[in-house]
Amino acid sequence: MKFRTARWAAVAAAAVLTVSACGDAGEEGGDAAAANEYEVVDSPELEGRAAELAEAGKIKIGVKFDQPGIGFKGATDDVPTGFDPEMGKIIAGQLGLEPDAIEWVEAISDNREPFLQQGTVDLVIASYSITDERRQIVGQAGPYYVTGQQLLVAADDDSIAGPDDLKGKKVCSVTGSTSIATVEEEYGADPAGFDTYSECVDQLTNGSVDAVTTDGAILLGYAAEDPDALKVVGEPFSEERYGIGYSADSPEMCEFLNGAIENAFENGDWKKAFDATLSEGGGEAGEPPAVDPCE
């Protein structure tokens, strides 16, 4: 807990940073993000890998580039937008780093552990659910957000209010995902598998399927892109706890990251990040989750 004591001393000397965000994924969310102010700690007192990153003055963070609201980077965008990149800026601020010190690296589901093991990135903030299996390979701090499987439907469709309404309905998700298996096996849906969630959303908007299912946070991003046509319905019917990945070679990062996450909960930066991104799809920040203790 050494970092936490030092962090609170440093916060008193904090400066304020205006975060710039741009992108074509949810213009309203991008504009809101541009107005956000996140705390940047002046001369933070840090230890271990966190101190090395602060001294280097730069950090590499792996995020998704294909999940509007969570992590998205269009062909003409300079930086990714979404809740996870905003969390990356918040964490960087606790190292005394401004957003232009971040190198954003695209992380897909299959390369998150290898990227941390090989040092390709310093952190992974990429809808990265905390699991016991992953914690055998890499470190995961947090959670900073808890979501769960939900449903995306047409805005004018009142026939689906939750998973109990899916029997006989055609429901799309990524081929081989646990989400598509759940709605088929537990709720009697007619599954439609595609390679990406974007393809599923296209199927929904053209009327080929009745619903799309995956983590609610991802679906909120798509709803934010076209709120007049799409909506997220029902309560989550699974639990996904998003964490920040770091190298198992730097276990001391857990205390730093948990402290930075808790600071963002307390000073309002976490809610600002959520309101600028996922709230645009109709989501509510609610109460922040309790972080797991470091081992």
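Keep in mind that this is a model prediction, so the values were computed, not measured.

Attention now goes to the overall build of the chain. Tallying secondary structure elements over the chain gives ten helices and 14 strands in all. Within the chain, the fraction of its 295 residues that count as buried is 55%. Pairs at least 24 apart in sequence give 71% of the contacts found in the chain among residues at least 6 apart. Of the accessible surface of the chain, which amounts to about 12800 Å², a share of 44% is contributed by carbon and sulfur atoms.

By volume, the largest pocket amounts to about 720 Å³. The wall of the largest pocket is formed by 26 residues, among which Lys64, Gln67, Ser109, Tyr197 and Thr214 lie closest to the centre. Counting only elements with at least two residues in the lining of the largest pocket, the list comes to β4 (66-67), α6 (178-187), α7 (197-205), β12 (211-215) and α8 (216-225). Counting residues per element, the lining of the largest pocket draws most heavily on α6, at three residues. Taken together, the residues that form the lining of the largest pocket break down as five nonpolar, 13 polar and eight charged.

Here we come to a negative patch on the surface. Negative charge collects at one region of the surface, where Glu184, Glu185, Glu186 and Asp190 lie side by side. It is α6 that provides the largest number of residues to the negative patch, a total of three residues. For Asp190, the position within the fold is in strand β11 (residues 190-194).

Here we come to the pairing of strand β9 (residues 149-154). Burial runs high along β9: five of the six residues are buried. Here β9 pairs with β12 via four bridges, running antiparallel. Within the sheet, the bridge partner assigned to Leu151 lies in β12 and is Thr213. Across four bridges, β9 lies against strand β13 (residues 230-233) in antiparallel orientation.

Moving on, we come to the state of the cysteines. Two cysteines form a disulfide when their sulfur atoms are joined by a covalent bond. For the structure on display, the rule yields two disulfides. In this model Cys172 forms its disulfide with Cys200; the gap between the sulfur atoms is 2.1 Å. Between Cys172 and Cys200, the disulfide has an S-S torsion of -70° and is therefore left-handed. Here the residue Cys172 occupies a position in strand β10 (residues 170-174), and Cys200 occupies one in helix α7, the gap between them amounting to 28 residues. For the pair shown, Cys172 and Cys200 are each scored as buried. What connects to what in the chain, once the bonded cysteines are numbered by sequence position, is 1-2, 3-4.

Turning our eyes to something else, we now look at the packing of helix α4 (residues 83-94) against helix α9 (residues 253-267). Direction vectors running N to C along α4 and α9 enclose 110°, while the axes themselves pass 10 Å from each other. Compared by their axis directions, α4 and α9 come out roughly perpendicular. Note on packing geometry: the crossing formed by α4 with α9 is right-handed. Here Ile90, Ile91 and Gln94 of α4 lie close against α9, whose contacting residues are Phe256, Leu257, Ala260, Ile261, Asn263 and Ala264. Considered class by class, the residues forming the contact of α4 with α9 number seven nonpolar, two polar and no charged.

Procedures and definitions
Residues numbered from 1 in each chain as written. Predicted model: local features only at pLDDT ≥ 70, side-chain atom pairs only at ≥ 80, totals over all residues. Heavy atoms only, no water. Helix = DSSP H or I, 4+ residues; strand = E, 2+ residues; numbered from the N terminus. Buried < 20%, exposed > 50% of the residue type's maximum accessible area, 1.4 Å probe, protein only. Contact = heavy atoms within 4.5 Å. Areas by Shrake-Rupley, 256 points an atom, 1.4 Å probe, with all protein chains shown as cover. 1 Å grid on protein atoms, 1.4 Å probe; cavity = no way out; pocket = protein on both sides within 12 Å on 5 of 7 lines; lining within 4 Å. Points joined across faces, edges and corners; volume = space filled by probe spheres on them. Nonpolar A, V, L, I, M, F, W, Y, C, P; charged D, E, K, R; others polar. Patch = residues over 30% accessible without salt bridge, like charges linked within 9 Å, V, L, I, M, F, W, Y side chains within 5 Å. Salt bridge = Lys/Arg side-chain N within 4 Å of Asp/Glu carboxyl O. Lys, Arg positive; Asp, Glu negative; His and termini not counted. Charge placed at Lys NZ, Arg CZ, Asp CG, Glu CD. Pairing = 2+ DSSP bridges. Disulfide = S-S within 2.5 Å. Axes fitted to C-alpha atoms, helices over the stretch in contact; angles between N-to-C directions. Parallel < 35°, antiparallel > 145°, perpendicular 65-115°, else oblique. Left-handed = near helix turned anticlockwise from the far one by under 90°.

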